[in-house]
There are 2 protein chains.
Amino acid sequence: MAQRRNRQVILIERPAGIPHSDNFTILETLIGEPAEGQVLVQNRYLSVDPAMRGWVSAESNYAEPVALGGVMRASAVGTVIQSESTRLTVGDVVVGRLGWQDYAIVDDFAVRRLSDAHTRSLPPSLALGILGTNGATAWLGLFGVGQPQRGDLVVVSTAAGAVGSAVGQLARLTGCRTVGITGSAHKVEVCESHYGFDVALNYHSDDFERELADVLAQGTDVYFDNTSGTISDAVMTHLAHRARVVVCGTAAISSWDPWPDGPRVARHLLTRTARMEGFLIQDHADEVDGVVQKLVPMVERGDLRYHEHVLDGLESAPGSIRGLYEGINLGKTIIRL
Amino acid sequence: MAQRRNRQVILIERPAGIPHSDNFTILETLIGEPAEGQVLVQNRYLSVDPAMRGWVSAESNYAEPVALGGVMRASAVGTVIQSESTRLTVGDVVVGRLGWQDYAIVDDFAVRRLSDAHTRSLPPSLALGILGTNGATAWLGLFGVGQPQRGDLVVVSTAAGAVGSAVGQLARLTGCRTVGITGSAHKVEVCESHYGFDVALNYHSDDFERELADVLAQGTDVYFDNTSGTISDAVMTHLAHRARVVVCGTAAISSWDPWPDGPRVARHLLTRTARMEGFLIQDHADEVDGVVQKLVPMVERGDLRYHEHVLDGLESAPGSIRGLYEGINLGKTIIRL
């Protein structure tokens, strides 16, 4: 078989702050053959994630930085087109860390085969979002760390985003009242009408802090935070007794070098005997499959809605991370090859 | 019976920051007779607590502020000298919120009778410290929130203090390595030789941050914090994966109005998937008695050591809170009447 040409998005420099297109280049290489226990996957959908900012940074973080000159780390959904594995056959649709490239050769244990329940009726690309790490992050972060009870008030930042929108819906389905915080009048409308938040607030509004104080007059029981920064600062002043704050992301902070100051949280946590806890899906890799099995029927029934922001072609990848942080997208950003 | 003269320490103005003696005056009044269900208690030992700063402040807090013109709120140990209660008899030694005064009339359910196991062999004043809320705070905060496991590294601030010294000893008895942070060379010596910390560090040392970084090279699993401020800021940069931070006090911050800034903690909590949680003994009032029963034999055997800093006479009360924050005392500060 003739070797396939494989276009790869390569990291060529580390960004100061949010990555942009000049930090990457597209290189065409030839891809070889899978060895025993491996498969050759043709990528169909590539993921774009806020966490990528951390992965390309040399700053202290929770994952090894992507090497300069290496293929950009990314989740992707693809089809097995050649198999030297006993576990996977040609035609299987899989998801895993396949990278920003046309093809990948990976060990069979490094990918997850999409369930028949998923591929029977739902788009395979959802394995990058609501039926993948985003959905599992929302579920495990909300239920595992946030521990909402029926009747609780749950506040969610980046409420129109891939994780935030799922958190809001799962909280509502649990019998909670939900308040979404988002960044435009249009997204407020989407949060309330599409995702069913009881209230959504635009943090760019001049009256944001007063509106938040009104809505949270009784304090919030759960705060699912993807932002840190001034949004989080505002919510932290309205914690209810024994509130739970899920720290799932810090999208509002463009750099941690130098380390930014903000209002101290210790006194809020003490006087409300509240809890603030980080959540990373990496700690829960073996739970994702089980959660996705629960989410599939919820998405099928329409109980759990999602939105995909689809970019076309590998050449859209280098500039795509910036788009996440500019807040121009709705829902999960993916790249269709 | 002639009415008794009762000297009372009265709050006459709210302090800016740490309370000082001019914020109080001593007033002599007459005390009446207990009604049905009440007892008249002669106070013998009064408690001095860091939390008193919050109680006299009008700032947002977890307890109703002490009224201007009212008796200063305080725990005290005393002897029942007249009883209209079926539960308590003359001669019983009790502890409760009896106030900074010579005598108090209280409902019988508002005080706790010291156990015979306690009074048989140990000073009754310990009911204000290691065998009272300090010991219960250490136990419940450490085990309930900090959840140390054998082999964990446990860091404690105000390590020579009433709560911190108990936390360090309980952690060591659990099989943890312990690091105490305190404020003088003498207290370092006390922490290591009297309380058995594996290492103690003086945060006034020029090399404190480097020494801390050396000791915490592998990260700390539990941080029991009584300080907030720069000590906490330094420890927070050395959290281990899934570390637990117990927020038990904020002694290093003299005022929360205006609210102070400090290095943001969200990124530490996220990248280490760590937890930071407030602890107030008020949330656990019904657990104190059970914990004290466990602590009595540990103190009797000498497994759990304590130190009392004893002031003499009611007139020492008004200036006593300031002493706590100046770090001049060792262990639990009490006033002997």
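Procedures and definitions
- Residues numbered from 1 in each chain as written.
- Chains lettered and ligands numbered in written order.
- Predicted model: local features only at pLDDT ≥ 70, side-chain atom pairs only at ≥ 80, totals over all residues.
- Heavy atoms only, no water.
- Least-squares fit on C-alpha atoms with pLDDT ≥ 70 in both.
- Axes fitted to C-alpha atoms, helices over the stretch in contact; angles between N-to-C directions.
- Helix = DSSP H or I, 4+ residues; strand = E, 2+ residues; numbered from the N terminus.
- Parallel < 35°, antiparallel > 145°, perpendicular 65-115°, else oblique.
- Left-handed = near helix turned anticlockwise from the far one by under 90°.
- Contact = heavy atoms within 4.5 Å.
- Nonpolar A, V, L, I, M, F, W, Y, C, P; charged D, E, K, R; others polar.
- Pairing = 2+ DSSP bridges.
- Domains from an automatic or database assignment.
- Buried area = accessible area lost by both parts, 1.4 Å probe.
- Polar contact = N/O pair within 3.5 Å; in protein donor to acceptor, adjacent residues only side chain to side chain.
- Core = buried A, V, L, I, M, F, W, Y, C linked by side-chain atoms within 4.5 Å.
- Buried < 20%, exposed > 50% of the residue type's maximum accessible area, 1.4 Å probe, protein only.
- Right-handed = clockwise from strand over helix to strand, strands pointing away.
- Phe/Tyr/Trp six-rings, centres within 6.5 Å; stacked < 30°, edge-to-face > 60°.
- Lys NZ or Arg CZ within 6 Å of the ring centre and 35° of its normal.
- Salt bridge = Lys/Arg side-chain N within 4 Å of Asp/Glu carboxyl O.

J.: Which parts of the structure should I look at to understand the relation of the copies chain B and chain A?
T.: One copy of the chain maps onto the other through a rotation about an axis followed by a shift along the same axis. Superposing chain B onto chain A takes a rotation of 180° plus a shift of 0.1 Å along the axis, which leaves an RMSD of 0.1 Å. Seen this way, the second copy is the image of the first under a two-fold rotation axis.

J.: Help me understand the packing of helix α3 (residues 133-146) of chain B against helix α4 (residues 162-173) of chain B, please; the structure alone is not making it clear to me.
T.: Two numbers describe a pair of packed helices, the interaxial angle and the distance between the axes. Residue and element names in this part refer to chain B. With their axes 8 Å apart at the nearest point, α3 and α4 run at an angle of 50° to one another. Judged on the interaxial angle alone, α4 and α3 are oblique. Like other packed secondary-structure pairs, α3 and α4 cross with a definite hand, here right-handed. Contacts between α3 and α4 involve N134, T137, A138, W139, L142 and F143 from the former and A162, V163, A166, V167, L170 and A171 from the latter. Here the contact of α3 with α4 is composed, by residue class, of 10 nonpolar, 2 polar and no charged.

J.: I tried to follow the sheet that holds strand β9 (residues 177-182) of chain A on my own but got confused; where do I start?
T.: The strands that make up a sheet are held in pairs by hydrogen bonds between backbone atoms, and each pair lies either parallel or antiparallel. The 12 strands are arranged β10(A)-β9(A)-β8(A)-β11(A)-β12(A)-β14(A)-β14(B)-β12(B)-β11(B)-β8(B)-β9(B)-β10(B) in an open sheet whose pairing can be described as mixed. Every other strand in the sheet has two partners, leaving β10 (199-202) of chain A together with β10 (199-202) of chain B as the edge strands with one partner each. Strand-to-strand, the axes of this sheet are offset by a mean angle of 15°, without reference to chain direction. Pairing analysis gives 4 bridges linking strand β12 (residues 239-247) of chain A to strand β14 (residues 275-278) of chain A, with the strands arranged parallel. Looking at β14(A), one finds that A:V247 is bridged to A:G278. Each of β8 (153-157), β9 (177-182) and β11 (220-225) of chain B touches α4(B); the most contacted strand, β8(B), lies at about 170° to it. Here helix α5 (residues 185-193) of chain B sits on the sheet and contacts β9 and β10 of chain B; the angle it forms with β10(B), its principal contact strand, is near 170°.

J.: Would you mind going over the domain arrangement of chain A with me for this structure?
T.: Size of an interface, as often reported, equals the accessible area lost when the parts are brought together. All names here are of chain A. For chain A, the assigned domains read domain 1 (4-129 + 306-336) and domain 2 (133-281). For domain 1 versus domain 2, the distance between C-alpha centres works out to 28 Å. Contacts between the two partners involve 18 residues from domain 1 and, on the opposite side, 19 residues from domain 2. For the pairing of domain 1 and domain 2, the buried interface totals around 1200 Å² over both sides, and the portion due to carbon and sulfur atoms is 48%. Viewed at the interface, domain 2 and domain 1 are joined by 6 residue pairs in polar contact (both at pLDDT 80 or more). Of the residues that constitute the side of domain 1 that touches domain 2, the class distribution is 8 nonpolar, 6 polar and 4 charged.

J.: What's the story with the packing of helix α3 (residues 133-146) of chain A against helix α9 (residues 288-301) of chain A in this structure? I'm lost.
T.: Residue and element names in this part refer to chain A. Close contact between α3 and α9 brings their axes to 9 Å; oriented N to C, the two are set at 100°. For the element pair α3 / α9, the angle class is roughly perpendicular. Contacts between α3 and α9 involve G135, A136, W139 and L140 on the former and, on the latter, V288, V291, K294, L295 and M298. The residue makeup of the contact of α3 with α9, split by class, is 7 nonpolar, 1 polar and 1 charged.

J.: What exactly am I supposed to notice about the nonpolar core here?
T.: Soluble globular proteins tend to pack their nonpolar side chains together in the buried interior. The biggest cluster of nonpolar side chains holds 48 residues, and the ones touching the most others in it are A:L212, A:L269, A:M276, B:L212, B:L269 and B:M276. Ignoring anything within four residues of it in the chain, the contact list for A:L212 reads A:I181, A:L201, A:A234, A:V235 and A:H238.

J.: I keep staring at the pairing of β9(B) and nothing clicks. Help me out?
T.: Residues in a regular strand point their side chains to alternate faces of the sheet. All names here are of chain B. For β9, the tally of buried residues reaches 5 of 6 residues, placing the bulk of the element in the interior. Bridge count between β8 and β9: 5 bridges; the pairing is parallel. Paired with L153 across the two strands is R177, which belongs to β9. For the crossover from β8 across α4 to β9, the handedness is right-handed.

J.: Mind showing me how you'd approach the side chain of A:Q101 here?
T.: Residues and elements named next belong to chain A. Along the chain, the position of Q101 falls in the loop between β5 (93-96) and β6 (103-107). Here the side chain of Q101 touches Q8 through a polar contact of 2.7 Å, side chain to side chain. Within polar-contact distance, the side chain of Q101 engages the backbone oxygen of Y103 at 3.4 Å. Contact partners of Q101, with chain neighbours within four places excluded, come to N6, R7, Q8, N43, L46, V71, L314 and L337.

J.: It is not clear to me how the packing of aromatic side chains should be interpreted in this structure. Could you clarify?
T.: The way to describe two aromatic rings as a pair is by their centre distance and the angle between their planes. Residue and element names in this part refer to chain A. Under the defined criterion, the tally for this structure stands at 6 aromatic pairs over all chains. An angle of 75° between the planes, with centres 4.9 Å apart, marks the rings of W139 and F143 as edge-to-face. With W139 and F143 both in helix α3, this residue pair falls 4 residues apart, about one helical turn. If you follow R73 out to its NZ or CZ, it ends over the ring of W55, 5.5 Å from the centre.

J.: Is there a simple way to explain the environment of A:G17 in this structure?
T.: Residue and element names in this part refer to chain A. When you line up the elements, G17 lands in the loop between β1 (4-11) and β2 (24-31). Residue G17 is classed as partly exposed on the basis of its relative accessible area, which comes to 22%. In the structure, G17 is positioned 305 residues away from R322 in sequence and 9.9 Å away in space, judged by C-alpha atoms. With residues near it in sequence (within four places) discarded, G17 still touches R53 and S254.

J.: Quick question: what am I supposed to make of helix α7 (residues 229-236) of chain B here?
T.: Think of an α-helix as 3.6 residues a turn; residues three or four steps apart then line up on the same face. Burial analysis of α7(B) places 7 of its 8 residues in the buried class, the great majority of the element. For α7(B), the full list of buried residues reads B:G229, B:I231, B:S232, B:D233, B:A234, B:V235 and B:M236.

J.: Got a minute to help me understand the side chain of A:R267 in this structure?
T.: Here A:R267 shows up in helix α8 (residues 266-271). Using a relative accessible area of 9% as the deciding quantity, one classes A:R267 as buried. Here the side chain of A:R267 touches B:T250 through a polar contact of 2.9 Å, side chain to side chain.

J.: What is the right way to look at the environment of A:F224 in this model?
T.: Residue and element names in this part refer to chain A. In this fold, F224 is placed in strand β11 (residues 220-225). Taking relative accessible area as the criterion, F224 reaches 0% and is therefore assigned buried. Measuring from C-alpha to C-alpha, the distance between F224 and T250 comes to 11 Å, with 26 residues separating the pair along the chain. Sequence-distant contacts of F224, that is, excluding residues within four places in its chain, are made with T137, A138, G141, L142, V155, V156, S157, V163, V167, V246 and C248.

J.: What should I look at first to understand the interface of chain B and chain A in this one?
T.: At the interface, 39 residues of chain B touch 39 residues of chain A. Around 3400 Å² of area is buried between chain B and chain A when both sides are counted, 57% of it from carbon and sulfur atoms. A per-residue breakdown of the area chain B buries against chain A is headed by B:R264, B:R267 and B:L270, which together make up 24% of the total. Joining chain B to chain A, the criterion identifies 8 salt bridges. The salt bridge involving A:R275 is made with B:E277; its shortest N-O contact spans 3.9 Å. Scanning the region where chain B abuts chain A turns up 19 residue pairs in polar contact (both at pLDDT 80 or more). Among the elements of the structure, α7, β12 (239-247), β13 (261-263), α8 (266-271) and β14 (275-278) of chain B are those that each provide at least two residues to the side of chain B that touches chain A. No other element matches α8(B), which puts 6 residues into the side of chain B that touches chain A. The residue makeup of the side of chain B that touches chain A, split by class, is 16 nonpolar, 13 polar and 10 charged. Alignment of strand β13 (residues 261-263) of chain A against β13(B), held across 3 bridges, turns out to be antiparallel.

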